[in-house]
Amino acid sequence: MWAAEEEERRPLLGPPPCQAYGSNRVFGRRWLVLGIFSLLGFMQGLVWNSWGPIQNSARRALGFTTPDISLLVLWGPIGFAPCFLFTWLMDTKGLRLTVVLAALLMSIGTLLRCIPINNLLIKRWLIHTGQLFNGLAGPVVVNAPPFLSTTWFAPDQRATATAIASLFNYFGGACAFLVGPLVVPAPNGTTPLLTGDLSQSNDSIKEHIQALLFAEFAVTILLFAVVIAYFPSQPPLPPSIAAASQRLNYRTSICRLLGNFRFLMIASAFAMPLGILAGWTGVLDIIVTPLKVNQVDAGWIGFWSVIGGCVVGILCARFADFFRGILKLILLLLFSGATLSSAWFALTCFNSVTHLPITRVTLYTSCILTGIFIISSVPFFFELFVETVYPVPEGITCGFVTFLSNVFMGLLLLFLAFYHTDLVIAQ
């Protein structure tokens, strides 16, 4: 009994245990479960960020305005309003129910967006409603990674599994920067991937947007079928003592979180920069238009910043699995880099005062580095949260911090929605 209690008190990211867990506790199917969940997170991020990268095309073909674009991105954080309901379902009913529900919401959302209708007003409201349904799936795909890794993976693979499951959602958002501008032609004559015609009418742009929406619906409904066919809540045997241990109830967990000053400080350090970066990335095309950057270049900037963050985050997580106990050092290095790169971008934008040159190289480099440093810190924060408040359930812990992060994202997007100037499209 004493040995079991000592094992349960061992920090999740501390030194590795002297004795490895038995091989019968870890199942090969865990990688299939991780892969299915990661692809679901990928599609949720892709659908959420569908409109920012093609906002110029959507303005022309569908009559969208700057508030429309901001609101389409804002449905993501608004979807976190029932966040604690989903975390309660996750911790009491298991992974399968919540993941099936998330896949269903995404399927409904993508279906509503691609309904072919000529009335632009009704079409716009269907698109907004679809984005809201996709946003409602966000609490599951964002909060579940630590719970999934604890349930299915041994301690020496947990950071890696958390990184893959959480960062694939950002990877999907990054691919939207690539897919959207390449498939949908821009009003300034940018050649899309699927056509060589430089002269694009409103009807042509609308047809390419519709094709993109149909494609995203097809992939989402396929993933929904896969989740229905196979996505178990837990393995036959727990992979570690932490996975098998009893967690606190919901009410006690909330009180424990609100009364833990260390946790609240770490949550603030996580939520503010990540929430602002997520909202900023979703409307990056609008932000860089005054700098004479078109939507294709803005797409590449957003794509490489998020992709870099995903790659660096997974590599650092694998490194942390081998060398335990260096989590604080990794986070300090990442946030130091984020501070310097974001300051570089801000000073470049105020070149009338700083006289720093605005070039494609400086914009690409500063934006990409900022995304890399902040996004790659996400899985480390998740693991740190779980360790700090253990035995509070992982779903409640991550639900609290992601809800806080989405509050900051929502504040930024609300500001852009109500305090804006419709900008001339960069040529």
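The preceding data block contains the structure.
Everything numeric in this text was worked out from a predicted model, so none of it was measured.

Engineer: Tell me what's going on with the overall build of the protein chain, and back it up with residues and numbers.
Structural biologist: Each helix and strand in the protein chain was counted, giving 20 helices and zero strands. Across the 427 residues of the protein chain, 56% fall into the buried class. Of the contacts formed within the protein chain by residues at least 6 apart in sequence, a portion of 85% connects residues at least 24 apart. In the form shown here, the protein chain has an accessible surface area of approximately 18000 Å², with 71% of it arising from carbon and sulfur atoms.

Engineer: Go over the pattern of salt bridges with me, naming the residues and quoting the values.
Structural biologist: Taken as a whole and assessed by the stated rule, the structure comprises two salt bridges. Measuring nitrogen to oxygen at the nearest pair gives 2.6 Å for the salt bridge that ties Arg124 to Asp68. With a gap of 56 residues between them, Arg124 in helix α7 (residues 120–136) and Asp68 in helix α4 (residues 66–78) connect regions that are remote in the sequence. By relative accessible area, which is 24% here, Arg124 ends up partly exposed. By relative accessible area, Asp68 is classed as buried at 10%. In this structure, Arg113 and Glu216 form a salt bridge, with 2.2 Å as the shortest nitrogen-oxygen distance. Placement of Arg113 in helix α6 (residues 95–113) and of Glu216 in helix α10 (residues 202–229) is noted, with a sequence separation of 103 residues between them.

Engineer: An account of helix α9 (residues 158–183) is needed here, citing residue identities and associated values.
Structural biologist: With 26 residues, α9 ought to run about 38 Å at 1.5 Å a step, and its terminal C-alpha atoms sit 37 Å apart, in line with that. The sharpest bend along α9 measures roughly 30 degrees and falls at Phe168. Taking burial as the measure, the 26 residues of α9 include 21 buried ones, the bulk of the element.

Engineer: Break down the environment of Ile372 for me, with residues and values.
Structural biologist: Looking at the element boundaries, Ile372 is found in helix α18 (residues 360–375). With a relative accessible area of 16%, Ile372 lands in the buried category. With 35 residues separating them in the primary sequence, Ile372 and Gly337 have C-alpha atoms 9.0 Å apart. Discounting residues that sit within four places of it in the chain, Ile372 has contacts with Ser305, Gly308, Gly309 and Val312.

Engineer: Give me the lowdown on the packing of α6 against helix α8 (residues 138–152), citing residues and values where you can.
Structural biologist: Where α6 meets α8, the axes come as close as 11 Å, and the angle between the chain directions of the two elements is 150 degrees. By the criterion of interaxial angle, the relationship of α6 to α8 is roughly antiparallel. Crossing handedness for the pair α6 and α8: left-handed. Listed contacts from α8 to Leu95, Thr98, Val99 and Ala102 of α6 are Val140, Ala144, Phe147, Leu148 and Trp152. Here the residues of the contact of α6 with α8 are counted per class, giving eight nonpolar, one polar and no charged.

Engineer: Give me empty space enclosed by the protein: which residues, what numbers.
Structural biologist: Per the counting criterion, the structure on display carries five cavities of 30 Å³ or more. Considered as a void within the structure, the largest cavity measures approximately 410 Å³ in volume. As for the largest cavity, its lining consists of 27 residues, and the residues nearest its centre are Trp48, Asn169, Tyr170, Ala278 and Met409. If you list the elements that add at least two residues to the lining of the largest cavity, you get α2 (30–48), α4, α8, α9, α13 (261–282), α19 (378–389) and α20 (394–418). Considering every element that reaches the lining of the largest cavity, the biggest residue donor is α13, with five residues. Its residues assigned to classes, the lining of the largest cavity shows 14 nonpolar, 13 polar and no charged.

Engineer: An account of the side chain of Glu216 is needed here, citing residue identities and associated values.
Structural biologist: With relative accessibility at 5%, the residue Glu216 sits in the buried group. Side-chain polar atoms of Glu216 contact the side chain of Arg113, separated by 2.2 Å. The residues touching Glu216, leaving out its near neighbours within four places in the chain, are Met43, Leu46, Val47, Ser50, Thr110 and Arg113.

Engineer: Can you explain a nonpolar patch on the surface? Please cite residues and give values.
Structural biologist: On the surface, Leu111, Ile115, Ile117 and Ile122 cluster together into a nonpolar patch covering about 290 Å² of accessible area. Within the element layout of this structure, Ile122 appears in helix α7.

Engineer: Give a description of the nonpolar core that names residues and reports values.
Structural biologist: Grouped together as the largest cluster of nonpolar side chains are 82 residues, with contacts concentrated most on Leu95, Leu148, Phe231, Phe270 and Phe385. Looking at this core element by element, the count peaks at 11 residues for α9. In this structure, Leu148 is in contact with Val33, Leu34, Phe37, Leu95, Phe153 and Phe231, ignoring residues within four places of it in sequence. Ile54, Leu62, Leu72 and Ile205 belong to the second largest nonpolar core, which has 17 residues in total.

Analysis parameters
- Residues numbered from 1 in each chain as written.
- Predicted model: local features only at pLDDT ≥ 70, side-chain atom pairs only at ≥ 80, totals over all residues.
- Heavy atoms only, no water.
- Helix = DSSP H or I, 4+ residues; strand = E, 2+ residues; numbered from the N terminus.
- Buried < 20%, exposed > 50% of the residue type's maximum accessible area, 1.4 Å probe, protein only.
- Contact = heavy atoms within 4.5 Å.
- Areas by Shrake-Rupley, 256 points an atom, 1.4 Å probe, with all protein chains shown as cover.
- Salt bridge = Lys/Arg side-chain N within 4 Å of Asp/Glu carboxyl O.
- Expected span 1.5 Å × (residues − 1).
- Bend = angle between axes of the 7 residues up to and from the residue.
- Axes fitted to C-alpha atoms, helices over the stretch in contact; angles between N-to-C directions.
- Parallel < 35°, antiparallel > 145°, perpendicular 65-115°, else oblique.
- Left-handed = near helix turned anticlockwise from the far one by under 90°.
- Nonpolar A, V, L, I, M, F, W, Y, C, P; charged D, E, K, R; others polar.
- 1 Å grid on protein atoms, 1.4 Å probe; cavity = no way out; pocket = protein on both sides within 12 Å on 5 of 7 lines; lining within 4 Å.
- Points joined across faces, edges and corners; volume = space filled by probe spheres on them.
- Polar contact = N/O pair within 3.5 Å; in protein donor to acceptor, adjacent residues only side chain to side chain.
- Patch = residues over 30% accessible without salt bridge, like charges linked within 9 Å, V, L, I, M, F, W, Y side chains within 5 Å.
- Core = buried A, V, L, I, M, F, W, Y, C linked by side-chain atoms within 4.5 Å.

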